[in-house]
Amino acid sequence: MDGKELLTMRHIKKQFPGVLALNDVDFTLRKGEIHALMGENGAGKSTLIKILTGVYQMDEGEVRIEGEKVSIHSPQAAQNSGISTVYQEITLCPNLTVAENMFIGRDNSLFSNRKKYEKRADELLKQLEIPAKSTQQLGRCSLAIQQMVAIARAVDMKCKVLILDEPTSSLDDKEVNMLFKLMRNLKSEGVGIIFVTHFLEQVYEVSDRITVLRNGELVGEYLTEELPQVELVSKMIGKALDELNSLGDPDETKKVSDEVFYEAEGLSSENALPFDFKIHKGEVNGFTGLLGSGRSESVRAIFGADKVTGGKIKIKGAQVKITKPIDAMKHGIGYLAEDRKRDGIIAELSVRENIILALQVMNGFFKPISRSESEAFADEYIKVLQIKTANRETPVGSLSGGNQQKVILARWLLTHPDYLILDEPTRGIDVGTKLEIQKLVLKLAEEGVSVTFISSEIEEMLRTCSRLIVMRDRHIVGELKGKELNQVQVMKTIAGGEA
Amino acid sequence: MKKINFFKKGQISDARLLLTITIGIFVLMYVSAIIFLGGGFTHAQQIFDMLNYNSSFIIVACGLTIVMIGGGIDISVGAVTSLVVMACIKYLNPVYSETGEKLSGEGNIFAALLIALGIGLAFGLVQGFLISYLEIQPFIVTLAGMFFARGMTTIISIKPMKIEHESFSKIMDARIEIPWLGYTARNGNTIPARVEYGVVIALIVLIVVFLILKYMRLGRCFYAIGGNQQSALMLGINVKKTRFLSYVICGLLSGISGFVLMMHSGSANATNAQGMEMSAIAASIIGGTLLTGGVGNVAGTFFGVLTLTTITQIVVSSGFNDLALQNVTIGGMLGFFIILQSIILTRRNRKKTG
Amino acid sequence: MKNKIKNVFSNGFGQLTIPIIAILILVIFNLIRDPGFFSIELTQNNDGNNVLAGNLISIIDNASELAIIAMGMTLVTAACGGQDISVGAAAAIAGSAFVKILSNAGTDGISGGLVLAAFLFACVVAMLFGAFNGTLVAVFKIQPMIATLILFTCGRSIAYWISGSATPNVASPIIDGIGRIIPGVPIPTPVLIVIAVAIIFKLVFHFTSLELLTQSVGINGNAARVNGINSTFIKILSFVILGICVAVAGSIGVCRMGQVSHDTLLLDIEMDAILAVAIGGNNLGGGKFKISGSILGAYIIQMLTITLYAMKVRSTDVKAYKAIVIVLLVVIGSPVVKAKVNKYISRLRSGRIKASEKGAGRT
């Protein structure tokens, strides 16, 4: 396993206006290893990756590949040095074919040799067991396939260093396993893989070595087998382990009132099949299931975020109509969307404007919130949720992911909802903020707010929810309560007959 | 996440559908013109006349399609065409003194061609540089380009000019005669179909651009940067250079277009080719190019041009020789096409999502 | 990244830095060229009314229609991320509608009430066409430039149909009062109208949440929808408001000329209006906006034009010089150039610091 040093980064420093993103960071990747790069958001992982891929230029430090000093001034230069990256967001062109996406931008020939590319692409897809055809439009493939095409591209470029930046966040288990198989294959061929992810289990499943960053500084490099999971987490957040457990035993707090707040019968939308659902006052429930199981689509239907196509809805026993988000908002429902960038933040507007947005919309067109009032609201929630921002007029787009999430949370808290839907509020944010959000959910429930909580991390849901609705293939397949609420049972229900 | 995916799915498969509809409507329009209006529409010459009148328009529209596929826009093309005509005629015509004496001889035709290409290229280079390397909004840059070209046209000459160049006049009057596509006039003479040389140039340009877009690396890169600029960058495409080249090609084609227009009309004035940029955008849109980039091809644009000119022809042939009516009809047709495209796109998206 | 660069530079007048610098340069240039360029004098016009006269007045006066349309255009740009290229044609339609009501009454028959009615009619017509454009953009999801291409193509022809003849005239003291000067008030009326429209915009932003909602829709339409904003309504509304602006501008244009010429009324104003929005530092891709920037932009364009006229440039040639100035302005304003200059300055600065450190070390 102790291969030659393939990539060495020494004393890397990167300064952004107001932030020291990386301070004297070292990183070493050996031949034929899978090396997990871990850290909270804002730890400097993505900055380090972006320096390695030529998106950013470092201020100080040096990068060597196989002992030779290289200068990475552009993505092209990175490619030429044998560094390939597959990003979380697909960075391919949806309007071109699979083959073109694998070969475009790689040579300087005058003509694009379609036939040759397609033949080579088909061979490679077959070899890597990727179920796609070279002549297919990439935009017609699923996200998982698109990701694998990106990897196939990197593989064909004979890359020495392959960077996988959150590759698994939009894949289901089967696809993750396919990906891991691919990764192990590449590893045995001597490729060095840098694996960035938020899923701890996956790190332990596949990686050989772990480097941890915190606040732009190197915490250390460890062999995976020598670093217990709890220790890794504590190194990442730099807090005592006790705090992780301070949420206490979930069962104590899970007493729910009998009053039903929301009830839906046969609710369906353009993306969700008809389903029944109800939630009590002060209850925390969760929707779980694999990605694409319909959990997000279901809550979107509840909020009216997708076009509602049928169903009866009762709020506090009275029949109402919710077909648009504004209807739901008027009935006291708030919804934190799964895709923060797409459905959540208004990046160029200030923290203040983002916080008051939902309340403003509910107040109506002719009742604007005055400047002083909105400033007071913003200051209040910046303090309560400990949003890290230069000031309330900072554009929200320049905040870190976790703080953006808090801003959106503040937006909905400001409307004082009776029922709050949180779809993946903890995705892509640091462990510390995750805990804060979980605590907040429990606190809200105590105050009588009903909460629907969705998370990819089942453990998180077990900790917060008193009832879990399990979905598979766009149908509800089970409802777990009380003693059934444990990881094994949830897994079984998700997997269904196969388990 | 999912929804974006579905949306992209829709766009791609619909590009072909939209083109089919455009071709279908063009054929339908033309056939009904033959049935109801008869006369000229039954002769092949009608089509050739449409091409004769629009050869420079086709060239400009090709250039614009390239830029639009790359996700940009160029509204200077009409003005550049006009400037080229003015500059070339100014150069080709002999200069007379106030007393009417010839001060200099006629210009060289090849030099005029070089002037045409040079002007087009210069506009392409400067605009392309400002847009790609300085990242200034293309609309503003090419708007300035349009102002500059129009202004330069009147600076060269505010009075309309006619070509007074013997050998060039011969080129202008030359026609390719195709006897087997001709028709028999009432007096029994067979009149062959006549095609201007400009049409040949236009068709060559059309084919070359088609091949570039389909088979050349550069052409595929145009699609890539129009489809997703960030991704294209990550794929190692030199986005700036590619975008730069799209404007350079478009500028060059505007130069050629000016020369072809001069071959057709032989006269220059300040309002030459006015509104050509908007018509060219309309032709591209009708032909299935998306202004957002990444989708479209010049075959569609060609049918877009034919459709637009057929509308004009039908209005004229119907006996309403009313410019207002003609404009309103074109506006109406444009509206029809645009709304139709939009409805089809939305409906297909919905079907897939549901 | 962009934001960061912006932040570094926004410590001047923010978005308005470039337009303000442009105005200063123009003013200084003119003062050097002709120290009396901006002198304003009180003279009497042919009717014996006191009027202010001078280049500055004619700049502000002649830019009125442009400034009003630019204000509306800013809103459409912000909400839809695109521009309306049919404003000139729509102004011709509105102008024709305005004259249509007036032309039936003789010179004596034109009362204040009738003018108001005619203006309201023009507004309604322009708002309808605005709603048409807005519907294409918001409901059918067509890019604004393409959607408005329809009206751009046929708008002036529709105006011709409304007018019935080439150029119907209107003449009345009231019309003169609107288009030129109200007796007793030395400032040209169109200038007063611009001020009124600007104040109305300010009031609308104060008493409604239009500004926040428009920016939200323009920056992130999806998020706006999920947060309960009716984007369709906001987008159509922006076009309808632009319609009102167009009707006001068209009516001023008609009153100024005393006739409506469907072919030339506010010709090419769409290009100038878009330019004014851009010079004002607004992003043509939508999102955050400043109306004041666009107004400044309009005056810059007009000041440039008048400066060129004063330099004996033919009116048809003005465009070429204008283009050069526009390019210079946008090049200076380009983020890439800003970043480069910034880097250069900071390098100079750090160089100087090092030099002074060295100097300090020596002593």
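Residues numbered from 1 in each chain as written. Chains lettered and ligands numbered in written order. Predicted model: local features only at pLDDT ≥ 70, side-chain atom pairs only at ≥ 80, totals over all residues.

Trainee: Would you take a moment to explain the overall build of chain A for this structure?
Mentor: Tallying secondary structure elements over chain A gives 18 helices and 20 strands in all. Scaling as 2.2 N^0.38, a compact globule of 499 residues should have a C-alpha radius of gyration of about 23 Å, and chain A matches this with 24 Å. Each of the three principal axes of chain A carries a C-alpha extent, and together these read 70 × 50 × 45 Å. The buried share of chain A, reckoned over its 499 residues, is 51%. Considering only contacts within chain A whose residues lie at least 6 apart along the sequence, 68% involve residues at least 24 apart. (Helix = DSSP H or I, 4+ residues; strand = E, 2+ residues; numbered from the N terminus. Rg over C-alpha atoms; globule rule 2.2 N^0.38 Å. Buried ≥ 20, exposed ≤ 12 C-beta atoms within 10 Å, placed from the backbone. Contact = placed C-beta atoms within 7 Å.)

Trainee: Before we go on, may I ask you to explain the domain arrangement of chain A in this structure?
Mentor: Accessible area lost on assembly of the parts is the figure often given for the size of an interface. If you check the domain split of chain A, you get domain 1 (5–244) and domain 2 (250–498). The gap between the C-alpha centroids of domain 1 of chain A and domain 2 of chain A is 32 Å. (Domains from an automatic or database assignment.)

Trainee: When you look at the interface of chain B and chain A in this model, what are you seeing that I'm missing?
Mentor: With 27 residues of chain B at the contact, the number on the chain A side is 25 residues. Within the residue set of the side of chain B that touches chain A, elements represented by two or more residues are α1 (2–36), α8 (217–227), α9 (229–234) and α13 (323–353) of chain B. Per-element tally for the side of chain B that touches chain A: the top contributor is α8 of chain B, with six residues. Here the residues of the side of chain B that touches chain A sort into 13 nonpolar, nine polar and five charged. (Nonpolar A, V, L, I, M, F, W, Y, C, P; charged D, E, K, R; others polar.)

Trainee: Looking at this structure, I do not really get the packing of helix α7 (residues 197–215) of chain B against α8 of chain B. What am I missing?
Mentor: Think of two packed helices as two axes; the pair is described by the angle between the axes and how far apart they sit. All names here are of chain B. α8 packs onto α7 with a crossing angle of 70° between their chain directions and a minimal axis gap of 5 Å. Here α7 is positioned roughly perpendicular relative to α8, judged by the angle of their axes. When α7 is examined against α8, the residues I212, L213, K214 and Y215 are found in contact with a partner set consisting of L218, G219 and F222. Within the contact of α7 with α8, the residues separate by chemical class into five nonpolar, one polar and one charged. (Axes fitted to C-alpha atoms, helices over the stretch in contact; angles between N-to-C directions. Parallel < 35°, antiparallel > 145°, perpendicular 65-115°, else oblique.)

Trainee: Sorry, what's going on with the pairing of strand β14 (residues 308–315) of chain A here?
Mentor: Here is the key point about a regular strand: its side chains alternate between the two faces of the sheet. Residue and element names in this part refer to chain A. As judged from the six bridges shared by strand β11 (residues 260–269) and β14, these two strands associate in the antiparallel manner. Its bridge partner being in β14, S269 is matched across the sheet by V308. Relative to strand β15 (residues 318–320), β14 runs antiparallel, the two being bridged by three bridges. Its bridge partner lying in β15, I315 is registered against A318. (Pairing = 2+ DSSP bridges.)

Trainee: Quick question: what am I supposed to make of the sheet that holds strand β12 (residues 275–280) of chain A here?
Mentor: Residue and element names in this part refer to chain A. With respect to topology, four strands assemble into an open sheet ordered β12-β11-β14-β15, the strand pairing being antiparallel. The open sheet has two free edges, formed respectively by β12 and β15, since each of these has just one partner strand. Between one strand axis and the next, the sheet turns by 20° as a mean value, whatever way the strands run. Relative to β12, β11 runs antiparallel, the two sharing five bridges.

Trainee: Could you clarify how one ought to interpret the packing of helix α5 (residues 87–103) of chain C against helix α13 (residues 269–279) of chain C in this entry?
Mentor: All names here are of chain C. Closest axis-to-axis distance for the α5/α13 pair is 7 Å, and the angle between their directions is 125°. Relative to α13, the element α5 is oriented oblique. Contacts between α5 and α13 involve V87, G88 and A91 on the former and, on the latter, I269, E270 and A273. Here the residues of the contact of α5 with α13 sort into four nonpolar, one polar and one charged.

Trainee: Got a minute to help me understand the confidence of the model for chain C in this structure?
Mentor: A low pLDDT means the predicted coordinates there should not be read in detail. Residues and elements named next belong to chain C. The predicted model of chain C has a mean per-residue pLDDT of 87, with 92% of residues at 70 or higher. Scored below 50 in pLDDT, residues 4–11 makes ten contacts in the model with residues more than four places away or belonging to other chains. Both scores are given for the predicted complex: the pTM is 0.81, the ipTM 0.84. (pLDDT = per-residue confidence, 0-100.)

Trainee: Is there a simple way to think about the interface of chain B and chain C in this case?
Mentor: Taken together, the contact pairs 35 residues of chain B with 39 residues of chain C. Elements that contribute at least two residues to the side of chain B that touches chain C include exactly α5 (138–156), α11 (276–286) and α13 of chain B. Per element, the largest residue contribution to the side of chain B that touches chain C is twelve residues, and it comes from α5 of chain B. Its residues assigned to classes, the side of chain B that touches chain C comprises 24 nonpolar, nine polar and two charged.

Trainee: What's the story with the sheet that holds strand β20 (residues 475–481) of chain A in this structure? I'm lost.
Mentor: Working definition: the strands of a sheet are paired by backbone hydrogen bonds and lie parallel or antiparallel to each other. Residue and element names in this part refer to chain A. Taking strand neighbours across the sheet as the criterion, the six strands line up as β16-β17-β18-β13-β19-β20 in an open arrangement whose pairing is mixed. Edge positions in the sheet fall to β16 (333–336) and β20, since each of these pairs with one other strand and no more. Strand-to-strand twist across the sheet, computed as the mean angle between neighbouring axes with direction ignored, equals 15°. In terms of strand pairing, strand β17 (residues 419–423) meets strand β18 (residues 450–454) through five bridges, oriented parallel. Its bridge partner lying in β18, L420 is registered against V451.

Trainee: In this structure, what is going on with the pairing of strand β19 (residues 467–472) of chain A? I would like to understand it.
Mentor: Residue and element names in this part refer to chain A. Where burial is concerned, most of β19 is hidden: five out of the six residues are buried. Of the pairings in the sheet, the one linking strand β13 (residues 284–288) to β19 comprises four bridges and is parallel in character. Bridge pairing in β19 places G286 opposite L468. Linking β19 back to β20 in an antiparallel pair, the connection comprises two residues, with D473 at a positive phi of about 45°.

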